[in-house]
Amino acid sequence: MKDQSLTRAKNPLVRFVISNAVPILFVILLIFAVPLSGFSTDYLLNEIITRLGRNSFLVISLLIPVMAGMGLNFGIVLGAMAGQIGLIFMLDWGVVGIPGIVLAMLIGTPIAILLGMLAGMILNRAKGREMVTSMILGFFINGIYQLTILYGMGSVIPIASDKLLLPRGYGVRNAIDLISIRKALDNMWSIEISGVSIPLGVFAIIAALCIFVFWFTRTKLGQDMRAVGQDMQVAATAGINVDRTRTLSIIISTVLACYGQIIFLQNIGTINTYNSHDQVGTFAIAALLIGGASVAKATIPNVFIGITLFHLTFIVAPRAGKELLGQAQIGEFFRVFVSYGIIAISLALYAWRRQVEKETERRQAKAAIKAAVEDGTGG
Amino acid sequence: MGQEADRMRRNIIRVALVVVLVALGFGLYVLGKEHTIFVENKDIVVDGVEYKSANTINVIVDDIELEDVKKGKRKVAYSAGPWHRIKAVEVFPDGTTREIERKFTLSPNDTAVINLVALFEVEEGWLTIEQAER
């Protein structure tokens, strides 16, 4: 599924540049922005390591649906919501530290599985339009989530803690302090090397997830997902239950996103109950695309390259904007522009490449038929 | 028949998995539940005998240093899990000290009130357990 037609250039350098246009663009941008920002190397390293620990799990959760040919799963916000519900219950029950985080994951898991099943069922009815469908599904479930949290919790669903409930007695507050689990995973096992703090515990979990994804691609189910991703008709002919395989890929992605959101929020230390999950899909997808992934192909290196480049841009853009134009706000606008812009460009590039590819295939088929006809008449 | 047995086996595995997850959840709840532990340096009557608070006592609850709890004062520590340990060092006016370390267990909804004077003087009665308000 690699975008063949555009990577057929004979010169390997040109081929490399075409294949990695987005990351290269960002590297060039950062070459100018980093010195302009004036941040020290230590500070940037600290920030990047923190953000790698915070975001990697969420971004990795996008890989499996890409493998199954379902594109970039904007529906990871469903998993993020499940994770947040887990955290709300954990806080209400007064469970703290690592057991609290694991308990939140445990509570979030069945919710994520159910939401993943729902998403899978719906996406199977919208084959070829999975990305936009998953995005709209995210908005729809967000409505149900908000209704549940705002009116159901404290009235129908028992929540007792005054710290969580609104003064009227039901509904969860806008912002919840996660002090009881703040950086619990980060501080579980961390080392400091020349002023740079490295949360080894979180990186061990991320490494385990990478190994899981690597192993998963080699399992029967992983191979089935690849086959479905390449061609659904061929996969179905080969006896693979296409719909079930696609649903499973979305369930796995949603559950991983649930865990990813919990890891993300324990690092941040606060939940914005009604909008912490809003941007999760967009930012994770933008990071993955900046790392050189496409709608049809995403790998683990894309995750880490993408998070590094995307978040480095996030960190330096406001200061660079201030130095360059005298206004930090310009840098903030730039951040938003970059996230949405890069998704738009990548999707447009993908559509264009597919079109070129199809055109090439059509021309080749036409030429082959013509040659066959000429052979027939000539003989 | 084989299919039926397979389905049955699959259902048993699923139910077992759910049971294991619920048990794990309960275990995590017990292990991670945060308790409020009040430590007070106040007069107390145990079995009809009155014990008077006299000196400042330095207290550590599960690695949480509460430092000096002065005569007549109360301090609070928040600590997770069912098993706890309290270490108290009483400082006498002449500069000499005496030290005691005790262990206690709390259920998930318990709040503990520890009287430091009784902690030094009696074997039982130094710990009062109250049900936490929810």
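Residues numbered from 1 in each chain as written. Chains lettered and ligands numbered in written order. Predicted model: local features only at pLDDT ≥ 70, side-chain atom pairs only at ≥ 80, totals over all residues. Heavy atoms only, no water.

Asker: Lay out the packing of helix α5 (residues 76-92) of chain A against helix α12 (residues 242-268) of chain A in plain terms, naming residues and giving numbers.
Answerer: A pair of packed helices is captured by two measures, namely the crossing angle of their axes and the spacing between those axes. Residue and element names in this part refer to chain A. Running from amino to carboxyl end, α5 crosses α12 at an angle of 55°, the nearest separation of the two axes being 7 Å. Viewed along their axes, α5 and α12 adopt a mutual orientation that is oblique. Pair α5 / α12 crosses with right-handed handedness. Taking contact as the criterion, the partners of Ile-76, Leu-78, Gly-79, Ala-80, Ala-82, Gly-83, Gln-84 and Leu-87 in α5 are, on α12, Ser-253, Thr-254, Ala-257, Cys-258, Gln-261, Ile-262 and Leu-265. (Axes fitted to C-alpha atoms, helices over the stretch in contact; angles between N-to-C directions. Helix = DSSP H or I, 4+ residues; strand = E, 2+ residues; numbered from the N terminus. Parallel < 35°, antiparallel > 145°, perpendicular 65-115°, else oblique. Left-handed = near helix turned anticlockwise from the far one by under 90°. Contact = heavy atoms within 4.5 Å.)

Asker: Give me the lowdown on the packing of aromatic side chains, citing residues and values where you can.
Answerer: For the structure on display, the rule yields 10 aromatic pairs over all chains. Linked through ring pairs, Phe-89 and Trp-93 of chain A together with Tyr-29 of chain B together constitute an aromatic cluster. Stacked on the ring of Phe-214 of chain A, the Lys or Arg Arg-218 of chain A has its end atom at 3.9 Å from the ring centre. Here Arg-74 of chain B stacks its cationic end above the ring of Phe-38 of chain B, 4.4 Å away from the centre of that ring. (Phe/Tyr/Trp six-rings, centres within 6.5 Å; stacked < 30°, edge-to-face > 60°. Lys NZ or Arg CZ within 6 Å of the ring centre and 35° of its normal.)

Asker: Quick rundown of the sheet that holds strand β5 (residues 64-69) of chain B? Include the residues and the values.
Answerer: Residues and elements named next belong to chain B. Pairing within the open sheet is antiparallel, and its 4 strands lie in the order β5-β4-β7-β8. Every interior strand has two partners, whereas the edge strands, β5 and β8 (97-105), have only one. On average, adjacent strands in this sheet sit at an angle of 15° to one another, irrespective of strand direction. Pairing geometry for strand β4 (residues 57-61) and strand β7 (residues 83-91), over 5 bridges, is antiparallel. Its bridge partner being in β7, Asn-58 is matched across the sheet by Val-89. (Pairing = 2+ DSSP bridges.)

Asker: So what's going on with the interface of chain A and chain B? Which residues, and what values?
Answerer: Of the residues lining the interface, 10 residues belong to chain A; the matching set on chain B comes to 11 residues. Surface buried jointly by chain A and chain B totals about 910 Å² across both partners, of which 71% is contributed by carbon and sulfur atoms. Of all residues in chain A, Trp-93, Val-96 and Leu-106 of chain A give up the largest surface area on contact with chain B, accounting jointly for 44% of the area buried on that side. Linking chain A to chain B there are 0 salt bridges. Here the side of chain A that touches chain B is composed, by residue class, of 8 nonpolar, 1 polar and 1 charged. (Buried area = accessible area lost by both parts, 1.4 Å probe. Salt bridge = Lys/Arg side-chain N within 4 Å of Asp/Glu carboxyl O. Nonpolar A, V, L, I, M, F, W, Y, C, P; charged D, E, K, R; others polar.)

Asker: Talk me through the pattern of salt bridges; I want residue IDs and the actual numbers.
Answerer: For the coordinates displayed, the defined rule picks out 15 salt bridges over all chains. With a shortest N-O distance of 2.8 Å, Lys-127 of chain A and Asp-243 of chain A are connected by a salt bridge. Note that Lys-127 of chain A is positioned in the loop between α6 (97-124) and α7 (130-152) and Asp-243 of chain A in helix α12, a separation of 116 residues in sequence. A salt bridge links Arg-98 of chain B to Glu-121 of chain B; its shortest N-O distance comes to 2.9 Å. Note that Arg-98 of chain B is positioned in strand β8 and Glu-121 of chain B in helix α2 (residues 116-121), a separation of 23 residues in sequence. The exposure class assigned to Glu-121 of chain B is partly exposed, which follows from its relative accessible area of 39%. Through salt bridges that share partners, Asp-43, Glu-50 and Lys-52 of chain B make up one connected network. (Buried < 20%, exposed > 50% of the residue type's maximum accessible area, 1.4 Å probe, protein only.)

Asker: Summarise the sheet that holds strand β6 (residues 74-80) of chain B; cite the residues concerned and give the values.
Answerer: Residues and elements named next belong to chain B. Taken in spatial order, the 4 strands of this open sheet run β6-β1-β9-β10, and their pairing is mixed. Either end of the sheet is taken by a strand with one partner, and the two such strands are β6 and β10 (127-131). Shown here is a sheet whose adjacent strand axes are inclined to one another by a mean of 25°, direction ignored. Of the pairings in the sheet, the one linking strand β1 (residues 34-40) to β6 comprises 7 bridges and is antiparallel in character. The residue of β6 that forms the bridge with Thr-36 is Tyr-78.

Asker: With reference to specific residues and values, describe the domain arrangement of chain B.
Answerer: Residue and element names in this part refer to chain B. Parsing chain B into structural domains produces domain 1 (1-32) and domain 2 (34-131). The gap between the C-alpha centroids of domain 1 and domain 2 is 43 Å. Contacts between domain 1 and domain 2 engage 4 residues on the former and 7 residues on the latter. In total, domain 1 and domain 2 occlude about 410 Å² of area from one another, counting both sides; carbon and sulfur atoms represent 64% of this. The largest share of the area that domain 1 buries against domain 2 comes from Tyr-29, Val-30 and Leu-31, three residues that together contribute 78% of it. (Domains from an automatic or database assignment.)

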